Amino acid sequence: MAACGRLGSVDERRGAAVESKLAINWVWDELVVLTDVLERRGWREIRSTSEDALELSGLLGRGLLHPTVALPDNFRSVNSIQLKSANIRTTRPSYLGRKTNNNVLDKRVGDAFDRDLIRMRSEAAVIRVFLEAGDYVEQDPLDVDRAADEGKVLRTLSVRRERDPKLRQRKIDAAPGGVISCEVCGFSFSARYGNRGKGYIEVHHTVPLHVSGPRRNSLDDLALLCANCHRMIHRGGWITVDELRVLVTKALS
Ligand SMILES: [Zn+2]
Ligand SMILES: [Zn+2]
C-alpha cells in the first residue's frame, strides 16, 4: 500500500495545486530529516544552491508525508529548504539575532536533537529509508490488533514511537454512558456479536505521530472506531474522523 496512491503521480499532484498556492505546514518527520542535516553542518544555514538543499528537496518534494493534499508547484523547493533551515536556526539557544519565525514545532525538533542526538540521528535515518523507498505508511501505535499483518518494515517505524497502552483502555472506559460504539457509523460490537464483542472497539490516534512528533496524548487525541471505519481512515493516508463522517453520510444519501 503506497501512501501517495490517492492523488496520483507527483506531477499530477503538483498540477492540481497550481491555483491554490497554499503553504503546507512542515510536519515533524520532515523537520527531523532537515534538522539532522543542519546539525551535521554545525547548524550552518542550508543555502538553496547547496547540494544538501538539492538532496533534501528531492527527498521531501514528493510529498510522501502529505499523502492526501495536492502539492503546490514550489513544494519543498530548494528555496523553501533554505528558508526553513534559517527559521530553525533562529530557534537555537546559540542564535543571538532577531527571531524570524517562532514555530513551536521547529523549536521542539531542535531541542530533541540537543537532548538526545543519537536517538534523533537514528530517527532521521529510519524516516529516510521510508522516503527513499517511496512508501511511507505510519502504523497507528494503538493498532495492536492489526500490527501483525502490516509487514516488518512498518512495524519498525511504529515501535520506535512512544506508546501508551493504558491510554487505550482509559479511552474505552471514558465512553459516555458506558456505550462503546463507533464514532463514525455507530457500530457496536456487543450489539452485533453479543458477549464475544463486549468491551471491544478500536482506538485511533487522531493526530499522527509523524505530524506531531512524540507527545503526551490526551483522551481528546483518540477516537473510538469500528474495524471498518478504522481501516478506511488509514487507507491511502490519514483523513480525519470528521472527513470520514462526511464521506459516509454522502455515500448513504
Ligand atoms: Zn464505524
Ligand atoms: Zn488508527
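Our structure is the block above this text.
Report follows, based on the coordinates. (Residues numbered from 1 in each chain as written. Chains lettered and ligands numbered in written order. Predicted model: local features only at pLDDT ≥ 70, side-chain atom pairs only at ≥ 80, totals over all residues. Heavy atoms only, no water.)

1. Remarks on the packing of aromatic side chains
Move 1: One pass over the structure, following the stated rule, counts four aromatic pairs.
Move 2: Ring centres of Phe189 and Tyr200 lie 4.9 Å apart, and the angle between their planes is 85 degrees; on these two criteria the pair is classed as edge-to-face. One end of the pair, Phe189, is in helix α9 (residues 189-193); the other, Tyr200, is in the loop between α9 and β1 (202-205), and eleven residues separate them in sequence.
Move 3: Every member of this aromatic cluster is reached through a ring pair, and the members are Phe187, Phe189, Tyr193 and Tyr200.
Move 4: A cation over a ring is seen here: Arg76 above Trp26, with NZ or CZ 4.3 Å from the ring centre. (Phe/Tyr/Trp six-rings, centres within 6.5 Å; stacked < 30°, edge-to-face > 60°. Helix = DSSP H or I, 4+ residues; strand = E, 2+ residues; numbered from the N terminus. Lys NZ or Arg CZ within 6 Å of the ring centre and 35° of its normal.)

2. So, the coordination of the zinc ion (ligand 1)
Reference values for angles at a metal are 109.5 degrees in the four-donor tetrahedral case and 90 or 180 degrees in the six-donor octahedral case.
Move 1: Taken together, Cys182 (SG), Cys185 (SG), Cys226 (SG) and Cys229 (SG) make up the protein donors of the zinc ion (ligand 1), found 2.3 to 2.4 Å from the metal.
Move 2: One can describe the site at the zinc ion (ligand 1) as tetrahedral: its four donor atoms subtend angles covering 103 to 115 degrees at the metal.
Move 3: Written as a sequence motif, the donor residues of the zinc ion (ligand 1) are C-x2-C-x40-C-x2-C. Residue Cys185 is found in the loop between α8 (165-173) and α9, and its partner Cys229 is found in helix α11 (residues 227-234); the two are separated by 44 residues along the sequence. (Donors = N, O, S within 2.8 Å, 3.2 Å for Na, K, Ca; no water. Tetrahedral: all angles 85-135°; square planar, octahedral: opposite > 155°, others 65-115°.)

3. Structural notes on the pattern of salt bridges
Move 1: Counted under the stated rule, the structure contains eleven salt bridges.
Move 2: Linking Arg128 and Glu55 is a salt bridge whose minimum nitrogen-to-oxygen distance equals 2.8 Å. With a gap of 73 residues between them, Arg128 in helix α6 (residues 117-133) and Glu55 in helix α3 (residues 51-60) connect regions that are remote in the sequence.
Move 3: Looking at Arg128, the relative accessible area reads 15%, which means it is buried.
Move 4: Taken together, the salt bridges that share partners define one network made up of Glu55, Arg128 and Glu132. (Salt bridge = Lys/Arg side-chain N within 4 Å of Asp/Glu carboxyl O. Buried < 20%, exposed > 50% of the residue type's maximum accessible area, 1.4 Å probe, protein only.)

4. Points about α11
Move 1: Looking at α11, one finds that the buried residues are Cys229, His230, Ile233 and His234. Take α11 and look down its axis: the buried residues cluster within an arc of 130 degrees, on one side only.
Move 2: Of the residues trailing α11, Gly236 is marked for its positive phi of about 65 degrees. (Arc of directions from axis to C-beta.)

5. A word on the nonpolar core
Move 1: Ranked by size, the top nonpolar core spans 27 residues in total, and within it Trp28, Val32, Leu34, Ile46, Leu56, Ile81 and Leu131 carry the most contacts.
Move 2: Contributing elements (two or more residues each) for this core: α2 (28-40), α3, α4 (78-90), α5 (104-115) and α6.
Move 3: Take this core: its biggest share by element is seven residues, from α2.
Move 4: With sequence-adjacent residues up to four places away left out, Ile46 is seen in contact with Leu34, Val37, Leu38, Arg41, Asp52, Ala53, Leu56, Ile81, Gln82 and Ser85. (Core = buried A, V, L, I, M, F, W, Y, C linked by side-chain atoms within 4.5 Å. Contact = heavy atoms within 4.5 Å.)

6. Details of the packing of α2 against α5
Move 1: The N-to-C vectors of α2 and α5 enclose an angle of 50 degrees; their axes lie 10 Å apart at closest approach. In this view, α2 runs oblique relative to α5, as classed from their interaxial angle. Note on packing geometry: the crossing formed by α2 with α5 is right-handed. Counting all contacts with α2, which are made through Trp28, Leu31, Val32, Thr35, Asp36 and Glu39, the residues of α5 involved are Leu105, Asp106, Arg108, Val109, Gly110, Ala112 and Phe113. (Axes fitted to C-alpha atoms, helices over the stretch in contact; angles between N-to-C directions. Parallel < 35°, antiparallel > 145°, perpendicular 65-115°, else oblique. Left-handed = near helix turned anticlockwise from the far one by under 90°.)

7. Observations concerning unusual backbone geometry
Move 1: The phi dihedral of Trp43 falls on the positive side, at around 65 degrees, and the residue is not glycine.
Move 2: Within the secondary structure, Trp43 is located in the loop between α2 and α3.
Move 3: The exposure class assigned to Trp43 is buried, which follows from its relative accessible area of 18%.

8. Notes on the pairing of β1
Move 1: On β1, burial covers both faces: Glu202 and His204 on one face and Val203 and His205 on the other are all buried.
Move 2: One ladder, built from four bridges, connects β1 with strand β2 (residues 222-225); its direction is antiparallel. Along β2, the bridge assignment pairs His205 with Leu222. (Pairing = 2+ DSSP bridges.)

The values are spatial; any link to function lies outside them.
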